[in-house]
Amino acid sequence: MPELKFYTLDVFTDQPFGGNPLAVVFGGEELSSQQMQTIAREFNLSETVFVLPPEGKGDHRVRIFTPGSEMPFAGHPTIGTAILLALLGKTAGLDRVVLEENAGLVPVVYRWENGLPTHAELTSPTPPEFRKAEVSAAQVAEVLGVLEKHILDLEAVSCGAPYLLVRVKHHEDLQNIRFNVPLWEKHLQGCWAKNLYVFFGAQDCLYTRMFAPELGVLEDPATGSAAVTLAAHLGNRIVEDLDYTWVVHQGIEMGRPSRLEITAVKFEMEVTETRVGGSAVQMMEGTLRI
């Protein structure tokens, strides 16, 4: 019976039992895609990562699965995997590691303290793509259970994975969401950006929630791939060429508070690069028997 080594981490937090849980599996070179999907369903976390030998110019090939499907790119699995590789000594002394994901190469830069990786920041594999929302504010309000007049802005954005960004008027709108899956299926299931990233902003501090029924994840406590689309969305609305950074708080309503730092790089009035960073805590390790 083949045995695979696995680890779990809590990502986008420096405290155990906060942030977004992640499973990372090593030694799965012989696994089929279906076997990987089955293992991800067994862990039943937002994402499970399989670390494989590189196929191109990266240091490691990674495949990322939710309980429902494979992801082209995802933030908390990238950050968690990079920090785990450092904790295991596989990137000791290096300033960065490059992971090969389905969406492309994802570089991750480390911050070290006393020989330990305390922070990692990824750069999105693709520049931002902006599209108009395919649904109305009224339809989104129905899905979220909020007042239509409290939906202030809608935009579909991808930096490797598409999200529908929804800005709400009050922090209470965010806190009081009652997500309606049947109405989501009716209004959003056929859209390019199916997953909703809802946010309330107060200057450089943002509060968010993410809902992705399509991926088998009703709500996610920390979503790096969505957070970089928010950086792109906000950066696109600033009139100067600079690097802008915001702090994002997510997962509070789920009892798993998360902290993400997002950055948009704007050059010649275009957002050319987006980044997200944070910490991670190793929680468990064990053997998976197939």
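I will try to describe carefully the structure that is included in this document.

## As for the overall build of the chain
Helices and strands together make up the secondary structure of the chain, namely 6 helices and 18 strands. Against the globule reference of 19 Å for 290 residues, the chain gives a C-alpha radius of gyration of 18 Å, in line with a compact fold. Once the C-alpha set of the chain is aligned to its principal axes, its extents read approximately 55 × 40 × 35 Å. Burial analysis of the chain (290 residues in total) assigns 56% to the buried set. Within the chain, residue pairs in contact and separated by at least 24 positions form 63% of the contacts whose partners lie at least 6 positions apart. Averaged over its 23 positive side-chain charges, the chain has a centre that lies 3 Å from the centre of its 37 negative ones.

## Describing the state of the cysteines
Linking two cysteines covalently through their sulfur atoms gives a disulfide. In total, this model carries 0 disulfides according to the counting rule given. With no disulfide of its own, Cys191 has Cys159 as its nearest cysteine by sulfur position, at a separation of 19 Å.

## What to know about unusual backbone geometry
For Asn114, which is not glycine, the phi dihedral falls at a positive 55°. In this fold, Asn114 is placed in the loop between strand S7 (104-113) and strand S8 (116-123). The phi dihedral of Met269 is positive, around 65°, even though this residue is not glycine. As for its placement among the helices and strands, Met269 is situated in the loop between strand S16 (258-267) and strand S17 (270-278).

## Concerning the pattern of salt bridges
All chains considered together, the criterion is met by 13 salt bridges. In this structure, Lys5 engages Glu285 in a salt bridge whose closest nitrogen and oxygen atoms are separated by 3.1 Å. With Lys5 in strand S1 (residues 3-11) and Glu285 in strand S18 (residues 280-289), the pair connects residues that are 280 residues apart, well separated along the chain. Taking the shortest distance from any N to any O, the salt bridge between Asp10 and Arg256 comes out at 3.1 Å. Pair noted here: Asp10 is in strand S1 and Arg256 is in the loop between strand S15 (243-250) and S16, with a separation of 246 residues, a long-range link.

## What to know about the pairing of strand S13 (residues 205-212)
Burial runs high along S13: 7 of the 8 residues are buried. Pairing geometry for strand S12 (residues 196-202) and S13, over 7 bridges, is antiparallel. The residue bridging Phe199 from the neighbouring strand is Thr208, located in S13. Hairpin connection of S12 to S13: 2 residues between the antiparallel strands, including Gln203 at a positive phi of 55°. Note that S13 and strand S14 (residues 217-220) share 2 bridges and pair antiparallel. Bridge pairing in S14 links Ala212 to Val217.

## Considering the pairing of strand S6 (residues 96-101)
Of all 6 residues that make up S6, 5 are buried, and the element is covered over most of its length. Relative to S6, strand S4 (residues 60-65) runs parallel, the two being bridged by 2 bridges. Each residue of the ladder has a partner; that of Arg61, found in S6, is Glu100. Taken together, the 6 bridges between S6 and S7 define a ladder with antiparallel strand orientation. Along S7, the bridge assignment pairs Val97 with Val108. The turn linking S6 back onto S7 is made up of 2 residues.

## Overview of empty space enclosed by the protein
Taken as a whole and assessed by the stated rule, the structure comprises 2 cavities of 30 Å³ or more. Lining the largest cavity are 19 residues, and of these Glu47, Tyr163, Met210, Asp220 and Thr223 lie nearest its centre. Grouping the constituent residues of the lining of the largest cavity by class yields 9 nonpolar, 8 polar and 2 charged. Roughly 30 Å³ of internal volume is contained in the second largest cavity. Taken together, Lys132, Ala133, Glu134, Val135, Ala156, Leu164, Leu188, Cys191 and Ala193 make up the full set of residues lining the second largest cavity. Residue classes in the lining of the second largest cavity are distributed as 7 nonpolar, no polar and 2 charged.

## Description of helix H1 (residues 33-43)
Three or more residues of H1 are buried, namely Met36, Gln37, Ile39 and Ala40. Each buried residue of H1 lies within a common arc of 160° when the element is viewed along its axis, so the set occupies one face. Next to the buried residues of H1 lie strand S3 (47-52), S4, strand S5 (70-71) and S18. Where H1 ends, the next residue or the one after it, Asn44, has phi of about 55°, a positive value.

## Observations regarding helix H3 (residues 137-144)
Side chains three or four residues apart in an α-helix point the same way, a direct result of the helix having 3.6 residues per turn. Within the sequence span of H3, burial applies to Val140, Ala141, Val143 and Leu144. Axial view of H3: buried residues confined to an arc of 160°, hence all on one face. Positive backbone phi, at 75°, marks Gly145, one or two positions downstream of H3.

Each value, and the rule that gives it
- Residues numbered from 1 in each chain as written.
- Predicted model: local features only at pLDDT ≥ 70, side-chain atom pairs only at ≥ 80, totals over all residues.
- Heavy atoms only, no water.
- Helix = DSSP H or I, 4+ residues; strand = E, 2+ residues; numbered from the N terminus.
- Rg over C-alpha atoms; globule rule 2.2 N^0.38 Å.
- Buried < 20%, exposed > 50% of the residue type's maximum accessible area, 1.4 Å probe, protein only.
- Contact = heavy atoms within 4.5 Å.
- Lys, Arg positive; Asp, Glu negative; His and termini not counted.
- Charge placed at Lys NZ, Arg CZ, Asp CG, Glu CD.
- Disulfide = S-S within 2.5 Å.
- Salt bridge = Lys/Arg side-chain N within 4 Å of Asp/Glu carboxyl O.
- Pairing = 2+ DSSP bridges.
- 1 Å grid on protein atoms, 1.4 Å probe; cavity = no way out; pocket = protein on both sides within 12 Å on 5 of 7 lines; lining within 4 Å.
- Points joined across faces, edges and corners; volume = space filled by probe spheres on them.
- Nonpolar A, V, L, I, M, F, W, Y, C, P; charged D, E, K, R; others polar.
- Arc of directions from axis to C-beta.

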